[in-house]
Every structure is written in structure tokens, then in C-alpha cells.
Amino acid sequence: MVGFVKSVRGGDGNDSPKLAPDVPPAAKRPQSVSAETSRYLFAVVRSRYTAYHASSASDGSRDVSEMDSSDSPGTTVAFATTHSSWSRRDFIKGVIASGVSVSGMSYFGAGCTTPLPAQTGGVERLLSLTVNGQVRRVDVLPGETLAMTLRYKLGLTGTKLGCDRGECGACTVLIDDVNYYSCSTLTHRVRDREITTVEGLESPDGTLHPVQQAFVDELGPQCGFCTSGQVMSAVALLRANPNPTRQEAREAMAGNLCRCGAYDHYLNGVMRAVSEA
Amino acid sequence: MMKDMMSGFELYQPADVDDAIQLIDRYGNRGWKLAGGYDSLDWFKNRGKGPEAVIDLEGLDALKGIRETTDGVEIGALTTLTEVERSPLLRDRYGLLADAARRVASPQIRNAGTLGGNLSQDTRCWYYRYGVDCYRAGGNTCYAAAPEAMNREHALFGASRCVAVTPSDTAPALVALDAEMVVRNARGERVIPAADFFMEPSVDIQRMTVLDPDDLLTAIRLPASWAGADFYFEKVADRKSWDFALVSVAAAFRTSGAQIDEASIVCGAVQCIPRRLHDVEVLISGRTRNEETAALAGAEAIRGAEPLDYNHFKIPLMENLVKRAVRG
Ligand SMILES: Cc1cc2nc3c(=O)[nH]c(=O)nc-3n(C[C@H](O)[C@H](O)[C@H](O)COP(=O)(O)OP(=O)(O)OC[C@H]3O[C@@H](n4cnc5c(N)ncnc54)[C@H](O)[C@@H]3O)c2cc1C
Ligand code: SF4
Ligand code: FES
Ligand code: FES
């Protein structure tokens, strides 16, 4: 987590390319933005990776750019850009015409233990996500989860990360009205889907969603950490089944842990939302 | 050990099964098939596995859905556990599988987790998942059977260096239903009975199923023979949500009046593969389905159990679950 925090808040305050939703298309900024992005993504890469990439550059198949890491004297950031071997590129053109492939770099940064694979050519890492009714452009790594994209690239921090392992439910969001754990969903999977987070529930005038209001009325939130996830699961339930029994609601909420133990409050909230809807 | 960063990989999202097969073939054991991701992402985040390429199967619509065939039902491997749980066709004729799917993990995991992934998932032995170099990971010791080991969740039967158990709730149901697995690779297709699909550590300690790295599980077939039988599924876990089974039982019965004509009984989480109780089935067929037969079945079920230091409790648990299944 340290490396990640560093990469988001790191250094010179110029983190807008990574955080801004409306980054320009990749084609217009092939080298500089890649390198700049990489600086945020790979806060510190030990110098042995420099050696790795430098040697791989000698076969002419990869470009290597290097720069000093501003916040970590004595280490070097290495970055392999968009060229890959012809065979792989041909393969992609020939075989995957009907699908999509995204090339891999490391996840956010420090502590990386495997050499970074080279990027394959011609693939778009920039994608458009429909979040709370808005289309937002964002640069997404292959191994990036939706929770990471929402929180750290789109600034939607209402979605919480508890366990990052599918074991708590704090990260629950709706994808086409069905509830999923965003910590365990690759962002590249939801390119053509409608994502709803807790920020997208209230009406434009600030009126809370009936589930949110009912949770307030029933004192659901104690510490509040699990609340947005609980809200999303309840909304998913009511969209699929507007008239659930208490038992059905209990089962539907079974994927959301509450360390404060306010389960009955939340369940009362769901039933209140049902009766007041 | 809690880590959050996955190593870099290439991500492919083929939309066509042939493309997926080519990719899987090309990358072999350097590639990774991704279905719901609830086994896979754990490995990636913990840096337990670092594939060069991830082949996302989610776009393979041809491998989704449940359809009737001339001899039963075929379920695409990419069908989600939620669909399996809710399918009217399965609930009507193969309620055993729907009930088992319903007890997997949590609603959100079932919304994404697939039947194929649930069957192909790796064991949850927590020493192994922690990343130690045990036998299963290619090393030369089993941490879960060491004198000081915590092995409450581990096996009662079939230990062979490794004492890990099958984690899947749907696997015992499919073995009980005499399902068949349809597997494809670049060289063709083959059909494997569910009973032969799961791998014992005595045969190959490093994998949980017969699937090779270049194999794609495409479908699961349920033969008509057990359609609409009397079913019983029960899973005992620490919590009702999320937790893996401590012991589970999946059973199917054909009866004439109170007499058992044929039975199929399988236990989960007591061995590395779903444990089919052939001896019990033979013993109770022809008998009346009552308390006495149930007691007989329970006693037979646990014969030969070899508990570890902390899993003795699984013996009466298994006995009681089998009793309850037979009692009906
Ligand atoms: C917190 C938690 C609790 C859980 N509790 C339970 C539980 O109680 N009971 C239970 O049964 N499970 C449980 N699981 C596992 C869960 O049910 C997943 O469904 C299962 O791990 C894998 O399914 P998946 O579709 O997510 O597969 P993935 O993680 O995508 O894949 C799992 C493995 O199967 C391989 N694979 C997937 N599809 C195919 C295919 N078509 N052909 C060949 N190989 C394939 C993958 O390469 C990978 O090795 C739990 C998981 C978590 C994270
Ligand atoms: S039980 Fe199997 S997986 Fe667990 S530590 Fe022993 S050898 Fe490894
Ligand atoms: S953060 Fe996703 S389930 Fe805990
Ligand atoms: S309100 Fe504190 S975790 Fe649920």
C-alpha cells in the first residue's frame, strides 16, 4: 500500500494526468504521457530493472526511456514503451481481431518482483467508463480493479476498500444494476457497462435515495465504513425485487460484513425502504 | 503477507472460443484463464502467481447459459453461480446443484463466480495460499501435517503427502449427479466424467483437476438419469456466508415407496477430491429409508477416517450429515 499512496500523492503535486478523468487520447501523447504516467505508477523501480530493460532494448524491439526519480535519489525509473516483437503483434492482429487485448505493466509500483513485460502494440489502455450516468475517460492498467479506478482515478471515494479480497463487501457497486465487489472486478471488464456507486444514488437536488434515508432513520451506520456497500446491496435487491420478504432481504445482504454488528439496523432499513417506496 | 499489487501481465479479452483456445495454447503455463476471478485475483494480489498473460474468458458468450439436450442439461462453464442457483430448469430437475451453488461464498461472489471456475479452483489450504514451499507448491514438506500445524480444515481421507481438501461446494453435487465435463484444447475436445475430473495428490500433487494448462473447460453436462430424484444438500461452515465448507454432503436417491433403489452420496471438504461414498451406497440400496438405515450409513461413511491434530470434529460432523441425508 505504501507504494500506492506514494504514487498517488507523490512528489511534485503534478498528479493531474493520472487523476483527471479527461486525459487526452493516447495517440496524441504517445511517449511523454506514458513516461509521465509511469513515473506515478512505478514510484520506485530498483535499478536492476533498468538493467533488464536496457538489455532488452539492445535487440531493437523495445524503446527504453529513463529518468531520475525525483523523490528517491539513487534509484532510477525505467520504462519500456509501446513496441513489442513482430510475432506477437502479428498474432494479435490476426487472431484477436474480434476481441480486445490490453498490455501489461506492473500494478502501481514499488515492490514489483517480476520483470515488467513489454507493452504490445496498437492496444488502447484508455477507455471510457459510464459511471453514475457520466462517461469518463480513464487510463487503466490491465490488472487494475474497479475499486482502484473509482477511488484513485475518478475520485469516487464513497466506495470503500476493506479487505481487497472479496471478503467484506465494503467495495460493493452496481454494474448494470447487479451488485459486485469492485475490489475483485477488473476495470477492463466493465468498459461497456453502467456502473453505479453510492455517489450516484441521490437526486440532483440532494434528496437521498429511499434506501439511504431509511438507513439513516434506522441508525444503520455506526462507524459507517460498511455503509456505502450495504446501501448498494440493498439498492440492487430492490431493483431486482421491489417487494422482498425479510428473509430474502437478509440473504441478499449476506455479502456485506459490518464490524460494528449493525446488521439488524440495516435489515430494518431495507424493510423500511420497501414499505416507504 | 497482505499485499495489494499484482505483477504486470498482458490482458486478452477474446470474444470467440477459438481465439481463446489459440491464446491458451500459445501461452501454456505462462498464461492464466480468468473467469469470475475469485480464486485468481487472490493469487495475483498475494503475488502467489504471476502469469505473463491473462486470458479473460468473460467475453465468451458461447460458454454461458443453461440448455436442455436430448439427454439432460448442458451448462456453459462460464455460467455464473447466481444463474445456476436461480435457473428454473435446474431447480426443477437438478435441485441438488442449485442448492449447492446457493451455498457458495456470498451473493456478490456468486454474481461473478462461474461454475467452471468453482470446479477448477485451487485448494484453500492456508499454508499453501500463504505462499510457502510445501509439496503442492513444489517443495518437500507439508506444513499442514507438521506436528505443530493448525489443520482444523484439512482432510480425513486420501492424504498423500498433501492433506488439503476440495474447496468447491458445487463439485460434490456434480459428482453425485454423475455429471460430465466437456474440455477443449487446440487438439480437440474430450468428455470427462466428474468422478475422474478431480485430481488426487497421490497422482499429481500440484494440481486439483485433470485440466492441463492449455485446456479450457467449456461445459458441464448433467445426464437425465438423476433428473428429478430425491436430493439432499447440506453444508456446514463456520459462518453461513462466505466460509468454505468444513464438511458438506450432496446426495441423490431413487426410491420405490420407502425403499431405496439407488443412491449417490458424496462428501465435500473431507478429502482432496469430492469423496463418493460407494460403500454406503451399496450398503443402503434395497433398504428402507429410515433411522436405522441412516445410522448404518453414517457409521460406514466415516470408516477409515484418519484425523489430523485439529480436525477430529469432522468425523462426527460427517457421520451426522450422511445420516441426515439418508434419513431424508
Ligand atoms: C471470500 C471467498 C469465499 C469463498 N467461499 C466459497 C465457498 O464457500 N464455496 C465455494 O465453493 N467457493 C467459494 N469461493 C470460491 C468462489 O466460489 C469462486 O467461484 C471460485 O473460486 C472460482 O470461480 P471463478 O469463476 O471466480 O474463477 P477464477 O478465479 O476466475 O478461476 C479459478 C481457476 O479456475 C480456472 N478456470 C476458470 N474457468 C475455467 C475454464 N472454463 N476452463 C479452465 N480453467 C478455468 C482459472 O484459470 C483459475 O485457475 C470463495 C471465494 C472467496 C474469494
Ligand atoms: S496440505 Fe497440501 S497444500 Fe497444504 S501445506 Fe500440506 S502439501 Fe501444501
Ligand atoms: S474490499 Fe471488496 S470485498 Fe472487501
Ligand atoms: S457500521 Fe461500522 S462496519 Fe458497519
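Whatever comes next refers back to the structure up there.
### Considering the overall build of chain A
- Helix and strand counts for chain A come out as ten helices and eight strands.
- The buried share of chain A, reckoned over its 277 residues, is 52%.
- When contacts within chain A are restricted to residue pairs at least 6 apart in sequence, long-range pairs at least 24 apart make up 61% of them.
- Total accessible area on chain A is roughly 11900 Å²; 52% of this is exposed by carbon and sulfur atoms.

### A word on the site of ligand 2
Residues and elements named next belong to chain B.
- Taken together, 13 residues lie near ligand 2, and C125, C134, C142, C162 and V163 sit nearest.
- Put simply, ligand 2 lies in the second largest cavity.
- A breakdown of the residues in the shell around ligand 2 according to their chemical character gives eleven nonpolar, one polar and one charged.

### Focus on the site of ligand 1
Residues and elements named next belong to chain B.
- Taken together, 36 residues form the shell around ligand 1, and within it K33, A35, D39, T114 and D169 come nearest.
- Within the side chain of K235, one N or O atom sits 2.8 Å away from an oxygen atom of ligand 1.
- Secondary-structure elements contributing two or more residues to the shell around ligand 1 are β2 (31-34), α7 (115-120) and β8 (216-222).
- Across the shell around ligand 1, the residue classes break down as 16 nonpolar, eleven polar and nine charged.

### Topic: the layout of surface pockets
- Estimated volume of the second largest pocket: approximately 1300 Å³.
- Of the residues assigned to the lining of the second largest pocket, the class counts are 15 nonpolar, nine polar and 14 charged.

### Side note on the pattern of salt bridges
Residues and elements named next belong to chain A.
- This structure, assessed with the given rule, holds 38 salt bridges over all chains.
- R193 is paired through a salt bridge with D176; the nearest N and O atoms lie 2.8 Å apart. Within this pair, whereas R193 is found in the loop between β7 (178-181) and β8 (194-196), its partner D176 is found in the loop between β6 (172-175) and β7, the two being separated by 17 residues in sequence.
- Take D176: its relative accessible area is 36%, and that puts it in the partly exposed class.

### Observations concerning empty space enclosed by the protein
Residues and elements named next belong to chain B.
- Under the criterion given, the structure shown has seven cavities of 30 Å³ or more.
- Space inside the second largest cavity adds up to approximately 90 Å³.
- What lines the second largest cavity is a set of 13 residues, among which C125, C134, R136, C142 and C162 lie closest to the centre.
- Here the lining of the second largest cavity is composed, by residue class, of eleven nonpolar, one polar and one charged.

### Comments concerning the sheet that holds strand β7 (residues 188-193) of chain B
All names here are of chain B.
- One open sheet accounts for five strands, arranged β4-β5-β8-β6-β7; its pairing is antiparallel. Looking at strand neighbours, the two that pair on one side only are β4 (66-69) and β7, the edges of this open sheet. Adjacent strand axes in the sheet meet at a mean angle of 25 degrees when their direction is disregarded.
- Where strand β5 (residues 72-76) and β8 come together, four bridges link them in antiparallel fashion. When the bridges of β8 are listed, I75 appears paired with I220.
- Its contacts with the sheet put helix α1 (residues 17-27) on β6 (180-185) and β8, and the angle it makes with β6 is roughly 70 degrees.

### Considering the packing of helix α7 (residues 210-217) of chain A against helix α8 (residues 227-240) of chain A
Residues and elements named next belong to chain A.
- Taken N-terminus to C-terminus, the directions of α7 and α8 make an angle of 125 degrees; their axes are 9 Å apart at the nearest point. With respect to each other, α7 and α8 are oriented oblique. In this structure, the crossing between α7 and α8 has a hand that is right-handed. Along its contact with α7, which presents V211, Q212 and F215, the element α8 presents Q230, V231, A234, V235 and L238.
- Taken together, the residues of the contact of α7 with α8 break down into six nonpolar, two polar and no charged.

### Details of the nonpolar core
Residue and element names in this part refer to chain B.
- Counting 80 residues, the largest nonpolar core has L97, L119, M181, I220 and L222 as the members making the most contacts within it.
- Of all the elements, α1 adds the most residues to this core, at six residues.
- Excluding residues that lie within four positions of it along the chain, L97 makes contacts with I75, V84, L90, L115, T170, A173, L174, L177 and L222.

How each quantity is defined
Residues numbered from 1 in each chain as written. Chains lettered and ligands numbered in written order. Predicted model: local features only at pLDDT ≥ 70, side-chain atom pairs only at ≥ 80, totals over all residues. Heavy atoms only, no water. Helix = DSSP H or I, 4+ residues; strand = E, 2+ residues; numbered from the N terminus. Buried < 20%, exposed > 50% of the residue type's maximum accessible area, 1.4 Å probe, protein only. Contact = heavy atoms within 4.5 Å. Areas by Shrake-Rupley, 256 points an atom, 1.4 Å probe, with all protein chains shown as cover. Near = heavy atom within 4 Å. 1 Å grid on protein atoms, 1.4 Å probe; cavity = no way out; pocket = protein on both sides within 12 Å on 5 of 7 lines; lining within 4 Å. Sits in = over half its atoms within 2 Å of the grid points. Nonpolar A, V, L, I, M, F, W, Y, C, P; charged D, E, K, R; others polar. Polar contact = N/O pair within 3.5 Å; in protein donor to acceptor, adjacent residues only side chain to side chain. Points joined across faces, edges and corners; volume = space filled by probe spheres on them. Salt bridge = Lys/Arg side-chain N within 4 Å of Asp/Glu carboxyl O. Pairing = 2+ DSSP bridges. Axes fitted to C-alpha atoms, helices over the stretch in contact; angles between N-to-C directions. Parallel < 35°, antiparallel > 145°, perpendicular 65-115°, else oblique. Left-handed = near helix turned anticlockwise from the far one by under 90°. Core = buried A, V, L, I, M, F, W, Y, C linked by side-chain atoms within 4.5 Å.

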